[in-house]
Amino acid sequence: MARVGFIGLGNMGGGMAANLAGKGHDVCAFDLSEEALERAGAAGCLPRASAAQACDGAEAVVTMLPAGKHVEGVYAEAVFGNAPALAILIDCSTIDVATAKRVAASATAKGYAMVDAPVSGGIAAANAGTLTFMVGGATEAFDRAEPFLKDMGKAVIHAGAAGTGQAAKICNNMVLGAEMIATCEAFLLAEKLGLDPRKFYDIASVSSGQSWSLTSYAPWPGVGPETPADRDYQGGFATAMMLKDLRLAAAAAASVHADTPMGARAAELYERFSAAGNGALDFSAIIRMLGGRA
Ligand code: NAD
């Protein structure tokens, strides 16, 4: 078992750090929020007074922070120089590809091995230790990060060089955003055409319209497995988070002159839905706006 520094103990990081502690690691934890730090202590982590102290003596440092600026700041000010030279640095936050590459390049220049390892799966998967990690970095860095990631997830996949973990994450979520909107449209159209939406579900779920948004996460209540649609769109994957990822995808597409018309349209629609005060609702709640009910 190892000493792990963990910085960022919010909705996702709290559960992830607790799982590492549950696997027997000494998890030296830090968050700017006192409340988050106390929760981590109650879950078996060892609270520290600063990010730098959390890195002290660590064999691995894991960060789970809101956005690129937080990641860049924490690595520059607290991780580099305080984590031992042999520590493996693992950033699990979802951030822009350019910042991920820049921080990885700084780490390499300072002699550290680092990976970007964003996750698929929300708060429930973080708590249950069933996240999927998509990992960018050199093979040697991936090999060192993998055992720690396995202690927090069900799948760990090496995507390629630094930054490709973030690329995988935003490409995946761009598909998801566009696919959810298309699924919502189809349910609404089926109903208007006199086709019972539950019958549409039965047919499309075994036909070529089948998708994760349809059969695992249906935006229509009462069909398929239980989803946020059955709980008035509470919980699940927040609209604000989906919008964040679609914005990252749009910025990444612009940076390489890629044409992503469906991703761009999905971002516009989620922008409108979020601006109307729905940022905290599950992202499948966009069916309300598409059906003229938001
Ligand atoms: P969150 O806001 O709940 O947690 C972020 C934590 O980071 C907060 O507790 C905050 O206090 C802390 N923090 C910010 N700056 C800090 C600093 N300088 N030093 C120490 N702590 C600092 O966010 P979250 O939902 O846990 O998401 C974290 C990351 O995971 C984001 O990049 C998000 O996009 C990604 N993600 C979230 C979900 C989800 O469903 N919530 C799913 C997949 C990926």
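Note: the structure precedes this text.
Attention in this report is confined to the structure presented alongside it. Nothing here was measured: the structure is a model prediction, and the numbers come from that model. (Residues numbered from 1 in each chain as written. Predicted model: local features only at pLDDT ≥ 70, side-chain atom pairs only at ≥ 80, totals over all residues. Heavy atoms only, no water.)

What to know about the pattern of salt bridges
Part 1 of the argument: A complete count under the given rule lists 10 salt bridges for this structure.
Part 2 of the argument: Among the ionic pairs, Arg 39 bridges to Glu 35, the shortest N-O distance being 3.5 Å. Here the residue Arg 39 and the residue Glu 35 both occupy positions in helix H2 (residues 34-42), the gap between them amounting to 4 residues, near one helical turn.
Part 3 of the argument: Its relative accessible area of 57% is what places Glu 35 among the exposed residues.
Part 4 of the argument: One salt bridge in this structure joins Asp 245 and Lys 169, with 4.0 Å as the shortest N-O distance. (Salt bridge = Lys/Arg side-chain N within 4 Å of Asp/Glu carboxyl O. Helix = DSSP H or I, 4+ residues; strand = E, 2+ residues; numbered from the N terminus. Buried < 20%, exposed > 50% of the residue type's maximum accessible area, 1.4 Å probe, protein only.)

Focus: the site of the ligand
Part 1 of the argument: Close contacts around the ligand come from 22 residues, with Asn 11, Met 12, Asp 31, Leu 65 and Lys 244 the closest.
Part 2 of the argument: At a separation of 3.5 Å, a nitrogen atom of the ligand approaches a polar backbone atom of Leu 32.
Part 3 of the argument: In this structure, Pro 66 approaches the ligand through a main-chain N or O atom, which is 3.1 Å from an oxygen atom.
Part 4 of the argument: For the ligand, whose accessible area on its own is 830 Å², the fraction buried by protein is 84%.
Part 5 of the argument: Those elements that provide at least two residues to the shell around the ligand are helix H4 (68-79) and helix H11 (239-255).
Part 6 of the argument: Here the residues of the shell around the ligand sort into 11 nonpolar, 8 polar and 3 charged. (Near = heavy atom within 4 Å. Polar contact = N/O pair within 3.5 Å; in protein donor to acceptor, adjacent residues only side chain to side chain. Areas by Shrake-Rupley, 256 points an atom, 1.4 Å probe, with all protein chains shown as cover. Nonpolar A, V, L, I, M, F, W, Y, C, P; charged D, E, K, R; others polar.)

Let's talk about the pairing of strand E2 (residues 26-30)
Part 1 of the argument: In terms of burial, E2 is largely enclosed, as 4 of its 5 residues are buried.
Part 2 of the argument: Pairing geometry for strand E1 (residues 3-7) and E2, over 5 bridges, is parallel. Across the sheet, the residue bridging to Val 4 is Val 27, located in E2.
Part 3 of the argument: After leaving E1, the chain enters helix H1 (residues 13-22) and then returns to the sheet as E2, a path that is right-handed.
Part 4 of the argument: The sheet contact formed by E2 and strand E3 (residues 46-47) spans 2 bridges and is parallel. Residue pairing across strands places Cys 28 opposite Leu 46, the latter belonging to E3. (Pairing = 2+ DSSP bridges. Right-handed = clockwise from strand over helix to strand, strands pointing away.)

Some points on the packing of helix H8 (residues 164-192) against H11
Part 1 of the argument: Look at H8 against H11: their axes get within 9 Å of each other, and the N-to-C directions meet at 115 degrees. For the pair H8 and H11, the crossing hand works out as left-handed. Side by side, H8 and H11 meet where Lys 169, Ile 170, Asn 173, Met 174, Leu 176 and Gly 177 of the first sit next to Met 242, Asp 245, Leu 246, Leu 248, Ala 249 and Ala 252 of the second.
Part 2 of the argument: Here the residues of the contact of H8 with H11 are counted per class, giving 8 nonpolar, 2 polar and 2 charged. (Axes fitted to C-alpha atoms, helices over the stretch in contact; angles between N-to-C directions. Left-handed = near helix turned anticlockwise from the far one by under 90°. Contact = heavy atoms within 4.5 Å.)

Remarks on the nonpolar core
Note on soluble globular proteins: their nonpolar side chains tend to be buried together.
Part 1 of the argument: Of all hydrophobic cores here, the largest spans 37 residues; its most connected members are Phe 6, Met 16, Ile 90, Cys 92, Phe 133 and Leu 149.
Part 2 of the argument: Top element by residues in this core is helix H7 (residues 139-150). It accounts for 5 residues.
Part 3 of the argument: With residues near it in sequence (within four places) discarded, Met 16 still touches Phe 6, Met 64, Cys 92, Ala 126, Leu 131, Phe 133 and Met 152.
Part 4 of the argument: Grouped together as the second largest cluster of nonpolar side chains are 32 residues, Trp 220, Val 223, Ala 285 and Ile 287 included. (Core = buried A, V, L, I, M, F, W, Y, C linked by side-chain atoms within 4.5 Å.)

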